[in-house]
Structures are given as C-alpha cells and as structure tokens.
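Below are the chains, spelled out letter by letter.
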Amino acid sequence: MKFTSLTTMIFAAAMVGVAVASDNDNLAVTPENLYCSPADRAGCSRGLTGFNNGMDYVYFCGSNNKITQYNACPCTNCCIVVSDGEDAVCNSD
C-alpha cells in the first residue's frame, strides 16, 4: 500500500512539472513595462531577445518610466525619434 502511495505521489509531481514546463512555451516577450527614460516621451530601441527578431521598435515611455505602448519596426537601425520626443517612426525607405 505504501508503495502505491509513493508511486502516485511521484507521478503527480512529475505531471505538475510537465504542466509548468508547458506553460513556459506560451510566454511572449514584449517591451511592455520595461524601464525607459525620459518619461512621457517616445523612443527607439532594438535587440530585445525574443521580440521582433532583434529588430528596432518604437515605444512610448510612461510617466512611471515604463514602456506603455510599442510597435515593432520591420527593419534594423531605422527607428527615428521625431518632434523632440513627441513621436518615433520606423523609417524603412
């Protein structure tokens, strides 16, 4: 009887490990909530592992110095901050 209980516990623990590992496969990497500066300004960045193949992205830095909005660029070294930080664009010409 004790052998069955131990086997059941080992099997249950293994299944929990499989479920946890499976959930990690669905994680999406985005720049949202990453630190940014200066606050309340648009910006450009690139090279975020797991996001947009490392290409550029534009973002808006919120008042709490966290990225609140972002948009992936289809290019590298093409993001430009314009209008004194009011906006940023992907210039993929």
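Residues numbered from 1 in each chain as written. Predicted model: local features only at pLDDT ≥ 70, side-chain atom pairs only at ≥ 80, totals over all residues. Heavy atoms only, no water.

Some points on the state of the cysteines
The final tally for this structure, using the stated rule, is 4 disulfides. A sulfur-sulfur distance of 1.9 Å marks the disulfide that ties Cys 44 to Cys 79. Here the disulfide of Cys 44 and Cys 79 is left-handed, its torsion about the S-S bond being about -75 degrees. Pair noted here: Cys 44 is in strand E1 (residues 41-45) and Cys 79 is in strand E4 (residues 79-82), with a separation of 35 residues, a long-range link. The partly exposed category is assigned to Cys 44, whose relative accessible area is 25%. Taking relative accessible area as the criterion, Cys 79 reaches 15% and is therefore assigned buried. Bridging Cys 75 to Cys 78, the disulfide has an S-S length of 1.7 Å. Its torsion about the S-S bond being 70 degrees, the disulfide of Cys 75 and Cys 78 is classed as right-handed. (Disulfide = S-S within 2.5 Å. Helix = DSSP H or I, 4+ residues; strand = E, 2+ residues; numbered from the N terminus. Buried < 20%, exposed > 50% of the residue type's maximum accessible area, 1.4 Å probe, protein only.)

A few points about the pattern of salt bridges
In total, this model carries 2 salt bridges according to the counting rule given. The closest approach of N and O atoms between Arg 41 and Glu 86, which form a salt bridge, is 2.6 Å. In this pair, Arg 41 sits in strand E1 while Glu 86 sits in the loop between E4 and strand E5 (87-90), placing the two residues 45 residues apart along the sequence. For Glu 86, a relative accessible area of 53% translates into the label exposed. Asp 56 is the salt-bridge partner of Arg 46, the closest N and O atoms lying 2.8 Å from each other. With Arg 46 in the loop between E1 and strand E2 (57-61) and Asp 56 in the loop between E1 and E2, this pair connects stretches of sequence that are 10 residues apart. Taking relative accessible area as the criterion, Asp 56 reaches 0% and is therefore assigned buried. (Salt bridge = Lys/Arg side-chain N within 4 Å of Asp/Glu carboxyl O.)

Some points on the sheet that holds strand E3 (residues 67-72)
Here we have 3 strands laid out as an open sheet, ordered E1-E2-E3, and antiparallel in their pairing. Two strands close off the open sheet at either side, each with one partner strand: E1 and E3. Looking at each pair of strands side by side, their axes are set apart by 25 degrees on average, direction ignored. Looking at chain direction, E1 and E2 are connected through 5 bridges and run antiparallel. Considered in E2, the bridge of Gly 43 is made with Tyr 59. (Pairing = 2+ DSSP bridges. Axes fitted to C-alpha atoms, helices over the stretch in contact; angles between N-to-C directions.)

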